[in-house]
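One-letter residues, chain by chain:
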Amino acid sequence: MTARRRNLFTIAPGAPFLKTFVRALLDGEIVPALSRETPPLTMARATIYVPTQRAARALAAEFAQALNQRATLLPRILPLGALEERENAALFGADFDIDADAPLAAPIEELERRLLLSQLILQWAEALGRAIITIDPTGAPNLHESEPLLVASTPSAAYALAADLGALIDELHIEDVSADAFETLSDDAYSDFWAITTRFLRIALHEWPRILFERGRIDASAYQKRLIEAQIAALTRAPPPAPVIALGSTGAQPATARLLAAIAALDNGAVVLPGLDQSMSEEAWASVGQTDHAGEPAFTHPQTMLKRLLAAMGVARDEPRELARLTPALLARRSFVSQAMAPAQATSAWRDYQAAESVVFASALEGVISLEAPDERLEAFTLALFMREALETTGRTAALVTPDRLIARRVGAELRRFDIEIDDSGGMPLARTSIGALARLLAAIGSDGAGAVNVAALLAHPLAALGLSPARVA
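Residues numbered from 1 in each chain as written. Predicted model: local features only at pLDDT ≥ 70, side-chain atom pairs only at ≥ 80, totals over all residues. Heavy atoms only, no water.

Topic: the overall build of the protein
Put simply, the rule is: Working definition: helices are DSSP H or I runs of at least four residues, strands are E runs of at least two. Numbering for both runs from the N terminus. Residue exposure (1.4 Å probe, protein chains only): buried if accessible area is under 20% of the type maximum, exposed if over 50%, otherwise partly exposed. Contacts: residue pairs with any heavy atoms within 4.5 Å of one another. For accessible areas, the Shrake-Rupley method is used with a probe of radius 1.4 Å. Any residue's cover is judged against the shown protein chains and nothing else.
Scanning the protein for helices and strands turns up 19 helices and 10 strands. For the protein, the residues scored as buried account for 36% of the 474 residues in total. Within the protein, counting contacts between residues at least 6 apart in sequence, those at least 24 apart form 70% of the total. Carbon and sulfur atoms make up 58% of the accessible area of the protein, which amounts to about 27,900 Å² in all.

Pasting the structure below:
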């Protein structure tokens, strides 16, 4: 007997991801039970997991465009991350089992958690009193030799530090690491200040569960993880009759990786991976996520999460089937990017690649432009002009990908000069909205007093009506 081939797919970079998936699904390539000929009620019973809420909205829009019908029933499109309370019942159903010995408590709100962690940090800072110059072997401060404490010395500083402490707590939940792991750290190998840090973490990470228990809450990351684990158990115990598809997730979190493995094991399940590199050499693939000769870990390679996911699913890299239909130019560019992102151990193949693929190498960069702007203003203006030109061309779209939020805001401002409003996936900070600016002005007056500059700025704000009608304010 031969093992059943799992429904594993990938969509190469360069292809429109959602459009390619919808086309393949409606053509019956993903799950045989789903196609254009599927009855509406059968289609509605299928479930598609996507990484985020934004991806769910974009997929629904892609379905609407591909079906081109006035009304239809779509599959349930549900997010794996950023779960909201109202979605939990729809996402995981009402019949999944939670361990009766450890009932699932409600998740604590992020604001409440940060305020509670801020109190812990302030208590720690107050106990130290002053920055530590010397400490005894137990890590306790020697208050006879000290200077003013600069870390978390104010409530605002403690509140900012609480965000990092909360992120550490979430990371421990996500990576299945116990807080007891800090007990095994050796302070002798580091500076004396390291002992102070680890001592605080031991106290905080053991005190925090007690605080949660007293309030009958759990961390949101632990809450989501337990829901996913319950769904894995439900899929394993009683596989659903309707198709289940996971789309676009790399399984970065171990619990999510286990869920994807459970979906791939279903007879009517399918997993579609984003951009799995199946052209990389075996030598280079073996180096992804490994430690190089200098002892530096190569965890930042973009294929690391996918490699870990494939290992968790127990499948080979060549098993997922490619859904994209790339042009020769895009195939050349995919090969070029794969070579450019090769781990350090495999960079010796660059010269051979360029010599053997000289024509492909040239076509891979066809249409790529490199510009070096003299300042940020001209950089934003140039990017805005390129995007405007794309929008003026029939059938073309444009997207700006940047880690710099300042550049993104500058480009958005330049485009508004042309009456072009863009959809910024990074959102807008509250402080930059009209209401946020008004709140900052009021806070400045409360903090610095009603000086002439602050009052003039407040009166000039369009929302500062001071109880008067809009006509009188105008």
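Quick notes on the nonpolar core
Formally: Residues grouped as a nonpolar core are buried Ala, Val, Leu, Ile, Met, Phe, Trp, Tyr and Cys residues, joined through side-chain atoms within 4.5 Å.
Ranked by internal contacts, the top residues of the largest apolar core, which has 31 residues, are Leu259, Ile263, Val271, Leu273 and Met313. Those elements giving two or more residues to this core turn out to be α8 (220–237), β8 (244–247), α9 (254–264), β9 (269–274), α10 (282–287) and α11 (304–313). Looking at this core, the element that brings in the most residues is α9, giving 7 residues. What Ile263 contacts, discounting residues up to four positions off in sequence, is Tyr49, Leu235, Val244, Ala246, Gly269, Ala270 and Val271. By size, the runner-up hydrophobic cluster in this structure holds 29 residues, among which are Leu25, Leu26, Val31 and Leu59.

A closer look at a nonpolar patch on the surface
Selection rule: The patch calculation keeps residues exceeding 30% relative accessible area without a salt bridge and links them within 9 Å when they carry like charges or within 5 Å when they are nonpolar (Val, Leu, Ile, Met, Phe, Trp, Tyr). Salt bridge, as applied in this entry: a Lys or Arg side-chain nitrogen positioned within 4 Å of an Asp or Glu carboxyl oxygen.
Together, Ile369, Leu371 and Phe386 give the surface a local cluster of nonpolar side chains, amounting to about 320 Å² of exposed area. Relative to the assigned elements, Leu371 resides in the loop between α14 (358–364) and α15 (376–391). In this structure Leu371 comes out as exposed when scored by relative accessible area, which is 58%.

Re the pattern of salt bridges
Taken as a whole, this structure holds 21 salt bridges when the rule is applied. The residue Arg215 makes a salt bridge to Glu112 at a minimum N-O spacing of 3.9 Å. Of this pair, Arg215 sits in helix α7 (residues 192–215) while Glu112 sits in helix α5 (residues 110–128), placing them 103 residues apart in sequence. Overall, Arg215 belongs to the partly exposed group, its relative accessible area being 40%. Residue Arg308 pairs with Glu175 through a salt bridge whose shortest N-O separation is 3.8 Å. Taken together, the residues span a long stretch of sequence, with Arg308 in helix α11 and Glu175 in the loop between α6 (155–174) and α7 at a distance of 133 residues.

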